[in-house]
Amino acid sequence: MVYSSRDGTQCQTGTGKGARDMKDNENIPAVMAELGKRAKQAAQILATASAERKHAALIGAAEAVWSRRAEIIAENAKDLEFGRNKGLSDAMMDRLMLDEPRIQGIVDGLRAVAEQSDPVGEVMEEWEQPTGLKIQRVRTPLGVIGVIYESRPNVTADAGALCLKSGNAVILRGGSESFHSSQAIHACLAEGLKSAGLPEDAVQLVPTRDRAAVQQLLTMTGYVDVIVPRGGKGLVGLVQREARVPVFAHLEGIVHIYLDKAADPQKALDVVLNAKTRRTGICGAAECLLIHQDIAGSLGKAVLEALASAGVEIRAEAGLPGPDGMVSASAEDWGKEYLDSIIAARQVAGIDEAIQHIREHHSQHTDCIITEDEAAVQRFFAELDSAILMHNASTQFADGGEFGMGAEIGIATGKMHARGPVGAVQLTSFKYLVRGNGTTRA
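Structure report, in brief. (Residues numbered from 1 in each chain as written. Predicted model: local features only at pLDDT ≥ 70, side-chain atom pairs only at ≥ 80, totals over all residues. Heavy atoms only, no water.)

1. With respect to the pattern of salt bridges
Next up, step 1: Following the criterion strictly, the structure yields 21 salt bridges and no others.
Next up, step 2: Between Arg-38 and Glu-34 there is a salt bridge, with its nearest N and O atoms 3.0 Å apart. In this pair, Arg-38 and Glu-34 both sit in helix α1 (residues 28-46), 4 residues apart, roughly one turn of the helix.
Next up, step 3: Residue class for Glu-34 comes out buried when judged on its relative accessible area of 17%. (Salt bridge = Lys/Arg side-chain N within 4 Å of Asp/Glu carboxyl O. Helix = DSSP H or I, 4+ residues; strand = E, 2+ residues; numbered from the N terminus. Buried < 20%, exposed > 50% of the residue type's maximum accessible area, 1.4 Å probe, protein only.)

Here's what the structure looks like:
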């Protein structure tokens with residue numbers, strides 16, 4: 001659908017070739033309503049689409065992404081320039097950047113989702129009542145999903161793929177920084193849908209950077225069934241405050257690692273370094289290190305020295321042994337998501353104090369214990385209520401792709417419906433199918 005603004009610029013809600021950036025704000029409510037209407041119609045078709053057609057659409061999209069990789073990288077260069085001019089941090093620029101290996105990762109993610117079992121129609125449970133009723137609980141799509149994300153353009157592919165696999169239509173609203181990259185990737189998804197004979201409106205991209213489009217999407221209760229925000233605290237907080245549509249979200253990734261007195265030294269060094277330094281700008285990056293007091297002057301100090309050598313700024317509690325140059329931690333450093341080469345650190349008397357600190361300061365996203373003491377692991381797992389709890393593994397694995405989901409649409413830290421990495425299965429609800437034989441109730 002095409003609208004003309006007062007200056008004569010055309011802006012469209014079309015799919016296959018990407019959408020032009022709108023110039024006239026007055027058209028936003030009309031454009032968003034049209035996106036919602038088309039998504040709802042597409043969702044009705046997609047809900048009964050065969051597993052084979054959805055598989056074909058995803059494989060077609062993967063092939064299109066790879067064949068158009070030079071075009072995607074060229075469009076991404078425009079976004080990188082926009083990000084530099086905007087003054088994005090190094091971590092945000094890293095999230096935004098696409099190169100051939102990362103595009104290969106997008107292709108691999110699309111193919112991995114394609115090869116998963118189709119969740120739609122899966123019989124979750126079945127039983128027979130004494131009345132003779134035969135009851136099944138069966139997975140069904142949610143309907144239309146709105147995904148709002150910031151600078152990571154790969155989310156365009158991840159979200160589109162997972163929604164398609166789970167039989168949902170999706171309205172994607174990428175960040176202003178990733179506008180051109182998202183359009184290029186979205187065009188590949190549309191090509192895959194078209195080649196499989198599925199409606200291109202099953203995956204739509206909001207055609208404007210204007211934040212007014214986000215406000216509209218959050219209130220489209222007549223069209224949208226769930227909102228998934230994927231980004232920083234500001235974005236997620238806005239969505240949670242203003243959405244009239246149900247939300248799957250996490251506010252922050254305040255990730256803790258507890259270094260127990262029974263930790264294996266090599267595992268501790270490997271895990272902590274990877275958890276903090278592999279990619280500092282993702283929500284699974286470690287932000288706080290808790291060190292058992294019995295090893296603070298030995299293994300704990302060695303780990304902190306390794307972090308410092310890797311360029312990490314350490315904001316430490318007074319009295320914690322460590323390398324020269326550590327910064328004194330303030331009260332604000334506990335419970336802070338840095339998304340940068342910074343980590344808070346303190347020593348604790350034992351697992352009780354570690355658990356208490358985490359309870360007070362975490363965001364129920366991901367927390368980890370490093371130890372060879374199985375009893376300590378069991379306590380850590382039983383007494384903490386994070387969406388993801390880990391033992392002797394880098395918190396950078398807090399990712400749906402690493403959980404075998406192919407990709408994820410985000411991490412949910414709430415306790416209703418979906419929790420942890422949200423993959424295709426988590427994007428379904430269920431319905432009850434009840435069969436009788438002229439059965440009546442007494």
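2. Some remarks on the state of the cysteines
Next up, step 1: For the structure shown, the criterion picks out 0 disulfides.
Next up, step 2: Free of any disulfide, Cys-163 has its nearest neighbouring cysteine sulfur in Cys-188, separated by 17 Å.
Next up, step 3: With a relative accessible area of 0%, Cys-163 lands in the buried category.
Next up, step 4: Judged by its relative accessible area of 0%, Cys-188 falls in the buried class. (Disulfide = S-S within 2.5 Å.)

3. What to know about the packing of helix α3 (residues 69-86) against helix α7 (residues 179-195)
Pairs of packed helices are described in terms of their axes, by the angle between the two and the distance that separates them.
Next up, step 1: Viewed as axis vectors pointing N to C, α3 and α7 meet at an angle of 155°, and their least axial separation amounts to 6 Å. When the axis of α3 is compared with that of α7, the two are roughly antiparallel. Within the contact between the two elements, α3 uses Ile-72, Glu-75, Asn-76, Lys-78 and Asp-79 and α7 uses Phe-179, His-180, Ser-181, Ala-184, Ile-185 and Cys-188.
Next up, step 2: When the residues that make up the contact of α3 with α7 are grouped by side-chain class, the tally is 5 nonpolar, 3 polar and 3 charged. (Axes fitted to C-alpha atoms, helices over the stretch in contact; angles between N-to-C directions. Parallel < 35°, antiparallel > 145°, perpendicular 65-115°, else oblique. Contact = heavy atoms within 4.5 Å. Nonpolar A, V, L, I, M, F, W, Y, C, P; charged D, E, K, R; others polar.)

4. Some details on the sheet that holds strand β18 (residues 428-435)
Next up, step 1: Strand order in the open sheet made by the 3 strands is β3-β4-β18, with antiparallel pairing throughout. Edge positions in the sheet fall to β3 (123-128) and β18, since each of these pairs with one other strand and no more. Across this sheet, the average inter-strand angle for adjacent strands is 20°, counted without regard to direction. (Pairing = 2+ DSSP bridges.)

5. Observations regarding empty space enclosed by the protein
Next up, step 1: The full count for this structure, using the stated rule, is 3 cavities of 30 Å³ or more.
Next up, step 2: Around the largest cavity, the lining residues are Arg-173, Gly-174, Gly-175, Ser-178, Phe-179, Ser-182, Leu-205, Val-206 and Thr-208.
Next up, step 3: The residue inventory of the lining of the largest cavity, partitioned by class, reads 3 nonpolar, 5 polar and 1 charged. (1 Å grid on protein atoms, 1.4 Å probe; cavity = no way out; pocket = protein on both sides within 12 Å on 5 of 7 lines; lining within 4 Å. Points joined across faces, edges and corners; volume = space filled by probe spheres on them.)

6. Brief notes about the sheet that holds strand β5 (residues 144-149)
Next up, step 1: Taken in spatial order, the 4 strands make up an open sheet running β7-β6-β5-β8, and their pairing is parallel. Two strands close off the open sheet at either side, each with one partner strand: β7 (203-205) and β8 (226-230). Taking each pair of neighbouring strands and ignoring which way they run, the sheet shows an average axis angle of 20°.
Next up, step 2: Of the strands in this sheet, β5 and β7 touch α7, which is tilted by about 155° from β7.

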